[in-house]
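Structural description and commentary
Residues per chain are reported as follows:
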Amino acid sequence: MVMSVIELTVGWYRDHKRDLPWRHPEAGAWGVMVSEFMLQQTPVSRVLPVYELWLARWPKPGDLAAESSGEAVRAWGRLGYPRRALRLHAAATAIATGHGGVVPASYEELRSLPGIGDYTAAAVASFAYGRRHAVLDTNVRRVLARAYSGAQYPANTVSAAERELAKRILPEQASDAAAWAAASMELGALVCTAKAPRCEQCPVAALCKWRESGYPEHTGPARRGQSYAGTDRQCRGALLAVLRAAHIPVEAETLFAAWPDEAQRGRALQGLLTDGLAVRTADSRYRLP
DNA sequence: CAAACGTGGCC
DNA sequence: TGGCCAAGTTT
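Because the structure is a prediction, the values reported are computed rather than measured. Just so you know, the residues in each chain are numbered from 1, in the order the chain's sequence is written. Chain A is the first chain written and ligand 1 is the first ligand written, with later ones labelled in order. Per-residue local features are limited, in this predicted model, to residues with pLDDT of at least 70; the limit for side-chain atom pairs, both in listing and counting, is 80 or more; totals at the level of whole chains, interfaces and linings are taken over all residues. Hydrogen atoms and water are omitted, and side-chain values are computed over all heavy atoms in the structure.

Each helix and strand in chain A was counted, giving 15 helices and 2 strands. Overall, chain A is about 75 × 45 × 30 Å in size when its C-alpha atoms are taken along their principal axes. Burial status follows relative accessibility: with a 1.4 Å probe on protein chains alone, a residue under 20% of its type maximum counts as buried, one over 50% as exposed, and anything between as partly exposed. For chain A, with 289 residues in total, the buried portion stands at 44%. For chain A, restricting intrachain contacts to residue pairs at least 6 apart in sequence, the fraction spanning at least 24 positions comes to 63%. By element, 53% of the accessible surface of chain A is carried by carbon and sulfur atoms, the whole surface being about 14,900 Å². Note on charges: Lys and Arg go in the positive column, Asp and Glu in the negative column, and His and the chain ends are not counted at all. Charged groups are reduced to one reference atom each: NZ for lysine, CZ for arginine, CG for aspartic acid, CD for glutamic acid. Side-chain charges of chain A comprise 35 positive and 28 negative groups, with the mean position of each set lying 3 Å from the other. What counts as a helix is a DSSP run of H or I of at least four residues, what counts as a strand is a run of E of at least two, and both are numbered from the N terminus. Every residue pair with non-hydrogen atoms within 4.5 Å of one another is taken to be in contact. Per-residue and other accessible areas follow the Shrake-Rupley method at a 1.4 Å probe size, with only the shown protein chains counted as cover for residues.

Structural data, given as structure tokens:
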């Protein structure tokens, strides 16, 4: 019998999926949700240790909600994009107060929580609750682009056509759809990678349109490079690192010792205050919220 | 829609 | 060495 891309991918996943803690049954929906926040734009290898610490310290949403948001930021460590820690704390608070302490199962309820966009809502509903949703992350988008559209890379932003394709091929049965979501993400992460795809190991190589077309190279605009060295972002990171390490409020002088450029560090501190990642005390010192 | 938002590893 | 890339969201 002829197997489809979806069937082949799900079969491959059964034998090749990584043993990740948030895939264990005991992780629960909260574990899945925490992992999804941490994995936004962040590699699995860097998430693993922080995830373990978080789940041990805050096994339920209410446990995190009971702490200050600053503790969430501190425990976030160097994962990057620390506003995610703030939003995860805010989401936990919303779950504790408005959802009986239980991570909601519906896409709409999840989507309304801070820090949860289209991808994360679909992912939590699918992975934690087996709901039927098109889960479109960078991995899945690349797999679809190659296997179905014959392109090396998807466009910079998700297109309507892409969503339609994802919905069109989504298995009818919710459990099958959830299996496909997990499997296609894993395929994109391990085999159908951005740089050097392992087509020899790919379960759908024989059906891949990109391969069939002779691997045409990407046309169209390159992805915007994200510089970092010397940027305001790096400056913010340096200042926040000082606040994370300090357990009493620090002087502006102490904070500013972490960065040479005067104009930049002033901008960065204001940004941290505006974002709620730092607060000024009555005696004009600074600390985590 | 583009820009802002961290950080580290890899080729 | 430096650009690219990593399970995105918000404004």
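Next, the rest of the story.
Quick look at the UniProt feature "domain: HhH-GPD" (unreviewed entry) in chain A now. Per the UniProt record, "domain: HhH-GPD" (unreviewed entry) is found at residues 38–190. Annotation note: span residues 38–190, helix share 65%, strand share 0%, distance between end C-alpha atoms 19 Å. UniProt positions are given in the numbering used here, feature names are shortened, and annotations may be inferred rather than shown by experiment.

Let's shift gears to the protein's contact with DNA strand C. Residues are counted as near a molecule or strand when any one of their heavy atoms sits within 4 Å of it. What surrounds DNA strand C is a group of 27 residues, the closest being L39, G115, G117, T120 and N139. For DNA strand C, the fraction of atoms within 4 Å of the protein that belong to sugar or phosphate moieties is 64%. Identification of polar contacts relies on pairs of N or O atoms within 3.5 Å, with a donor-acceptor requirement for protein atoms, meaning one able to donate a hydrogen and the other able to accept it, and with residues adjacent in sequence counted only if both atoms are side-chain atoms. Residue T120 places a side-chain N or O atom 2.7 Å away from a phosphate oxygen belonging to DNA strand C. Elements with a minimum of two residues in the surface near DNA strand C: α2 (28–39), α8 (118–129) and α9 (138–147). As a working rule, the residues Ala, Val, Leu, Ile, Met, Phe, Trp, Tyr, Cys and Pro are called nonpolar, Asp, Glu, Lys and Arg charged, and the rest polar, with Gly in that last group. The class makeup of the residues in the surface near DNA strand C is 9 nonpolar, 9 polar and 9 charged.

Glancing now at the packing of helix α13 (residues 232–245) against helix α15 (residues 262–275). The interhelical angle for the contact between α13 and α15, taken along N-to-C directions, is 70 degrees, at an axis separation of 9 Å. The angle between α13 and α15 falls in the class roughly perpendicular. Our pair here, α13 against α15, has a crossing hand that is right-handed. Two secondary-structure elements touch here, α13 through D232, C235, R236, L239 and L240 and α15 through Q264, R265, R267, A268, L269, G271, L272 and D275. Residues of the contact of α13 with α15, tallied by class, amount to 6 nonpolar, 2 polar and 5 charged. Throughout, an axis means a line fitted to C-alpha atoms (over the contacting stretch in the case of helices), and angles, computed between N-to-C directions, take values from 0 to 180 degrees. Roughly parallel here means an angle under 35 degrees, roughly antiparallel means over 145, roughly perpendicular means 65 to 115, and every remaining angle is called oblique. Handedness of a helix crossing follows the sense of rotation of the near helix relative to the far helix, less than a right angle counterclockwise being left-handed and clockwise being right-handed.

Looking now at the packing of aromatic side chains. In this scheme Phe, Tyr and Trp rings, the latter by its six-membered ring, pair at centre separations within 6.5 Å, and the angle between planes marks the pair as stacked below 30 degrees, edge-to-face above 60, and tilted otherwise. Here the structure, examined in full by the defined rule, presents 4 aromatic pairs. With 5.1 Å between their ring centres and 75 degrees between their planes, W22 and Y51 make a pair best called edge-to-face. Note that W22 is positioned in the loop between α1 (5–16) and α2 and Y51 in helix α3 (residues 44–57), a separation of 29 residues in sequence. An identical accessibility class is assigned to W22 and Y51; each is buried. In this structure an aromatic cluster arises from ring pairing among W54, W58 and W76.

Our focus in this paragraph is the state of the cysteines. Sulfur atoms of two cysteines make up a disulfide when they are within 2.5 Å. Applying the stated criterion across every chain yields a total of 0 disulfides. With no disulfide of its own, C192 has C202 as its nearest cysteine by sulfur position, at a separation of 6.2 Å. C192 sits in the buried class, given a relative accessible area of 11%. Free of any disulfide, C199 has its nearest cysteine sulfur in C202, 6.5 Å distant.

What follows covers the nonpolar core. For soluble globular proteins, nonpolar side chains are generally found buried alongside one another. To define a nonpolar core, start from buried Ala, Val, Leu, Ile, Met, Phe, Trp, Tyr and Cys residues and group those joined through side-chain atoms within 4.5 Å. Grouped together as the largest cluster of nonpolar side chains are 81 residues, with contacts concentrated most on W30, M33, M38, W54 and L88. Bear in mind that the domain bounds are from an automatic or database domain assignment. Both domain 1 (1–216) and domain 2 (232–287) contribute no fewer than three residues apiece to this core. Residue contacts for W54: discarding those within four places in its chain leaves V34, M38, L64, A72, A75, W76 and L88.

Before going further, it helps to spend a moment on the protein's contact with DNA strand B. Near DNA strand B, the surroundings consist of 15 residues, among which R78, Y81, P82, Y228 and R236 are the closest. A share of 64% of the atoms of DNA strand B within 4 Å of the protein falls on sugar and phosphate groups. The dominant element in the surface near DNA strand B, judged by the number of residues it contributes, is α13, at 3 residues.

Next up on the list: the domain arrangement of chain A. Split by domain assignment, chain A resolves into domain 1 (1–216) and domain 2 (232–287). Centre-to-centre, using C-alpha coordinates, domain 1 lies 33 Å away from domain 2. Counting from both sides, the interface comprises 8 residues of domain 1 and, opposite them, 12 residues of domain 2. Here a salt bridge means any side-chain nitrogen of Lys or Arg lying within 4 Å of a carboxyl oxygen belonging to Asp or Glu. Our enumeration of links across domain 1 and domain 2 arrives at 1 salt bridge. A salt bridge links D275 to R83; the shortest N-O distance between them is 3.6 Å. Between the two partners, domain 1 and domain 2, sit 4 residue pairs in polar contact (both at pLDDT 80 or more). Among the secondary structure elements, those contributing two or more residues to the side of domain 1 that touches domain 2 are α5 (69–76) and α6 (83–98). Across the side of domain 1 that touches domain 2, the residue classes tally to 4 nonpolar, 1 polar and 3 charged.

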